[in-house]
Amino acid sequence: MAMLEVRNVSRRFGGLQANKDVSFEVNQSEIVSLIGPNGAGKTTMFNMITGFLSPDEGDVTFQGKSVAGLKPHQVAQRGIVRSFQITNVFAGLTVEDNLVAAHYMRARGGFWETMLNTKAARDRDSAMRVSVRDILRLVGLEALADEDAKNLAYGKLRLLEIAIGLSAAPRLLLLDEPAAGLNSEESARLVELLRLICRERGTTILLVEHDMSVVMEVSDRIVVLNFGQKIAEGTPVEIRANSAVVEAYLGGGLDFGGANNA
Amino acid sequence: MLDVTIQFIVNGLVSGCFYALMAVGLTLIFGMMQIVNFAHGDFFVLGGMLTFVLTHSLGIPFVVAIPLVLVAMWLFGMAVDWALLSRMRDASMMSNALVTIGLSVFMVNTMLLIFGTDPKNIVTGIDRVPLLFGPVVITKVRLITIVASIAAIAVVHYMINHTRRGRAMRAVFQQQEAAALVGIPISQTYRFTFALGTTLAALSGILLGAVFVVHPTMADLATVKAFVVVILGGMGSFGGAILGGLLLGVVESLWGGFVSTGYMDVIGFLLVIGLLLVKPSGLFGLAGAREK
Amino acid sequence: MRSTENNILLGGLALALVLPVLLPDQFLIHVMIMVFFYGILASSLNLTVGYVGELPLGHAAFLGIGAYTSAILSTQMQVPFWICLPLAGLIAAVFGLVIGAITLRLEGHYFVLITLAFTEVMRLVVLNWVEVTRGPLGFSNIPAPVISLGESIRYSFDSKLWYYYFGLFLLAVTVLCVMRFARSSYGMAAIAIRENRRLAKSVGINPFRYALGTFVAGAFFAGLAGSFYAHYISFVGPEVFGFSFMVTMLMIVALGGKGTVLGPIIGAVVIGLALEYLRFINEVRLSAFGLLLIGVVLFMPNGITGLLFRRRKVSLSPAAQPKTAEG
């Protein structure tokens, strides 16, 4: 059984059909990319998977259970954690505290346990702190742990977002354009990081991305949307050769050649 | 029975005028600047107080005093925006709220110091002979209140829809970033809006002082009532503020007349609580409920 | 910052314990009792203001509910103080649950106004429902706490000194609870909601539940403070629902520094002392308050604790080194 199953999902906003009858799957420990020209309905799909929107039709199941219509925090509690298209961090907190906050699901305990600060609570606390350090190291932000998030350079902010996502112990991590605005060096490191996350932590990753070089490098499979519908699905090699996909891009989409979008 | 009802309704419309003027001003400020102006009731009272001083102590005729006070209040509003609010453009909602609360505390207590707690009635020189329109009794002053309110609102409406300033205001209200990009001076527009809003409140206070009385301890209740109207009408809706004001005035009047005067003030709050439970976007307006 | 904060609090506690012995001035003791009262009240407000980031302008309602509950129970039904106090807190908490469940669904500005509306309604009800609340007269001669063992032994705790130490005890309990809250995952969740609600949701935090829980906790402590106030002052009237308490609370939280455990305490000391010792400039006192509030928001948005502790690290990790203004 696939980890995530999107089945015949549709969503409209007034007169605009954002997604129409979209179906795809994501399997455990895969890295899948969702691509398509602007307005193809990718972020709407993300919103529906993570509970920020409900599908009009169709269903989304995660590990066999339906998640469509759940509230965002409930979806997160099931193990699906997302990042956002526009940089979204806890700007007023330090980098370390950003991760501490995001560790909430792992750190929380019973009411009396917490209020009385029992040994169990303190142990959980210690484990959480270790996890924070680990993730900071993994992502490469260890040196900036005490820096206020709002002072970070753009590239580091995007790394912080991924770190925040990881802190919530996701089984499935959804990343919305993680390479946006990154230069080629940063993009290469992102690819490495994503592979590392998938390999070492077993985290399944679904990403929306415009940067084709990243997509081609990192994805096990690619799903292509256009005008809200799925037009192709397959490995990077298959997609590159797919005429429908090429057509969609020639019609005002993205640069396939491997150069980054600034 | 019907006669009495009509009388109550007419009285309510008069009160409604006061509410409407205040609410329109508050809607402009809230809708445009996203600021909850807790000092609104204080501007309202100050308008009345200044007019009282001019007419009572300096013997200036009512008709002359009005424009003088309005100009003074306009300048005061601009000054407040310049000194306080302009520094808070990017601050949080809470900081802005706290600043206006501080301003309100300062204003109300200073007014108490200067003017005392006695209610003041403004001498208008207009005779108190009641006019009769069928079953309805109304004094000239109240009639003038209605006329003046309509005139003021009409002027503001014209200003917003047919002048350059007004266009700027509408642009900023709808799409601030775009407005800035085309060169509309945001801060100045905010200042103008704040001055306009608070001057409308002052006018309301002047009229109330002429019809009834004004005193500093009214300020807090006036502020809250103005917000009640703005919420009922939908934050940011001009028409909603007017209708909401009139509605509140009439409902309060009917309730006070037929049920009891003690709980009269509660009606508005209960309406708001009820409304926000059922329809968080107000009667006409923009969303008040949290995102999912 | 945590260790410095702890030290200051402990130091303050030690000082407070011996103060009546060092300076046995009745007026000072009265002032300090009011400081403790404001400390509990401001800490309760700070839970929602500083940690969740909402402004419940109706917070005074819970003070009033606690005060009236205690007043009615003790004068009309002879309920002993030791039961009135926790009951006042619980009933205030229940009101908090109901009001919070309704109002926390609304966006920031609306929340501010509707909590204010609720308080105004309560004030008017209390003012008019004379059968139960005695209207504008309120309740007087609220009895001091009493311990009676059988018919013959009856000790009445009505000395100022007793109120002083009990008030200090209540404050200490409040501070301990707030500290545990702030440094636990609850506090972190509340801060996450305050900083970025959408992001908090995406990491599994239910904003409504935490906001409500914090709000109810705030209501509980405000209710306790109200009960304490009622028995100390021995008179309660509709003015407890008035805006003046609310303004004082806001001043204390803003001046002391919202979102810290220490802030409301420092603020309570400063404002509490100022309120009483500056009575001689009574007329301008309140106007000055307004200006002070404006000044604090404009120039000292993080309050006194913000000035003292330049780096405000909220982390649970004890590795945080306190950085003071000189450091």
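Predicted model only: the values in this text are computed from it and were never measured.

S.K.: How would you summarise unusual backbone geometry if you had to cite specific residues and measurements?
M.R.: Although it is not a glycine, A:A169 adopts a positive phi angle of roughly 50°. Along the chain, the position of A:A169 falls in the loop between α7 (154-167) and β7 (172-176). In the Ramachandran plot, C:N141 falls in the positive-phi region, its phi being about 55° despite a non-glycine side chain. Within the secondary structure layout, C:N141 lies in the loop between β1 (139-140) and β2 (146-149). A residue is classified by how many C-beta atoms lie within 10 Å of it, and C:N141, with 9 of them, is exposed.

S.K.: Break down the sheet that holds strand β10 (residues 229-234) of chain A for me, with residues and values.
M.R.: Residue and element names in this part refer to chain A. Taken in spatial order, the six strands make up an open sheet running β6-β7-β8-β3-β9-β10, and their pairing is mixed. The sheet is open, and its two edges are formed by β6 (80-82) and β10, each paired on a single side. Geometrically, the sheet is characterised by an average inter-axis angle of 20° between neighbouring strands, direction not taken into account. Where strand β3 (residues 31-35) meets strand β8 (residues 204-208), four bridges bridge the pair, whose relative direction is parallel. Bridging from a neighbouring strand, I31 pairs with I205 of β8.

S.K.: Help me get a handle on helix α8 (residues 184-201) of chain A, residues and values and all.
M.R.: Residues and elements named next belong to chain A. Helix length check: α8, at 18 residues, gives a terminal C-alpha distance of 25 Å against a target of 26 Å (1.5 Å per residue), a fit within 8%. Along α8, the positions that sit buried rather than exposed are S187, L190, L194 and I197. In a view along the axis of α8, the buried residues occupy a sector of 80°, so they form one face of it. Seen from the buried face of α8, the exposed residues on the opposite side, beyond 90 degrees, are E185, R199 and E200. Immediately downstream of α8, the backbone of G202 shows phi near 70°, a positive value.

S.K.: If you had to explain the interface of chain B and chain C to someone new, which residues and values would you point to?
M.R.: Listed as interface residues are 36 residues of chain B and, on the opposing side, 34 residues of chain C. Contributing elements (two or more residues each) for the side of chain B that touches chain C: α4 (93-115), α9 (219-233) and α11 (264-278) of chain B. With 14 residues, α4(B) is the largest single contributor of residues to the side of chain B that touches chain C. When its residues are assigned to classes, the side of chain B that touches chain C shows 26 nonpolar, six polar and four charged.

S.K.: Talk me through the sheet that holds strand β4 (residues 57-62) of chain A; I want residue IDs and the actual numbers.
M.R.: Judged by pairing direction, the sheet is antiparallel, and its four strands sit side by side in the order β2-β1-β4-β5 (chain A) without closing on themselves. Looking at which strands have only one partner, the edges of the open sheet turn out to be β2 (16-26) and β5 (65-66) of chain A.

S.K.: Which residues make up the packing of α11(B) against helix α5 (residues 108-128) of chain C, and what values go with them?
M.R.: Where α11(B) contacts α5(C), the two axes come as close as 9 Å, and the packing angle between them is 140°. Here α5(C) runs oblique to α11(B), going by the angle between their axes. Like other packed secondary-structure pairs, α11(B) and α5(C) cross with a definite hand, here left-handed. In this structure, α11(B) uses B:D265, B:V266, B:F269, B:L270, B:V272, B:I273 and B:L276 to contact α5(C), whose residues at the interface are C:Y110, C:I114, C:A117, C:F118, C:E120, C:V121 and C:L124. The residue inventory of the contact of α11(B) with α5(C), partitioned by class, reads 12 nonpolar, no polar and two charged.

Rules and cut-offs
- Residues numbered from 1 in each chain as written.
- Chains lettered and ligands numbered in written order.
- Predicted model: local features only at pLDDT ≥ 70, side-chain atom pairs only at ≥ 80, totals over all residues.
- Helix = DSSP H or I, 4+ residues; strand = E, 2+ residues; numbered from the N terminus.
- Buried ≥ 20, exposed ≤ 12 C-beta atoms within 10 Å, placed from the backbone.
- Pairing = 2+ DSSP bridges.
- Axes fitted to C-alpha atoms, helices over the stretch in contact; angles between N-to-C directions.
- Expected span 1.5 Å × (residues − 1).
- Arc of directions from axis to C-beta.
- Contact = placed C-beta atoms within 7 Å.
- Nonpolar A, V, L, I, M, F, W, Y, C, P; charged D, E, K, R; others polar.
- Parallel < 35°, antiparallel > 145°, perpendicular 65-115°, else oblique.
- Left-handed = near helix turned anticlockwise from the far one by under 90°.

These values are about where atoms sit, not about what they do.
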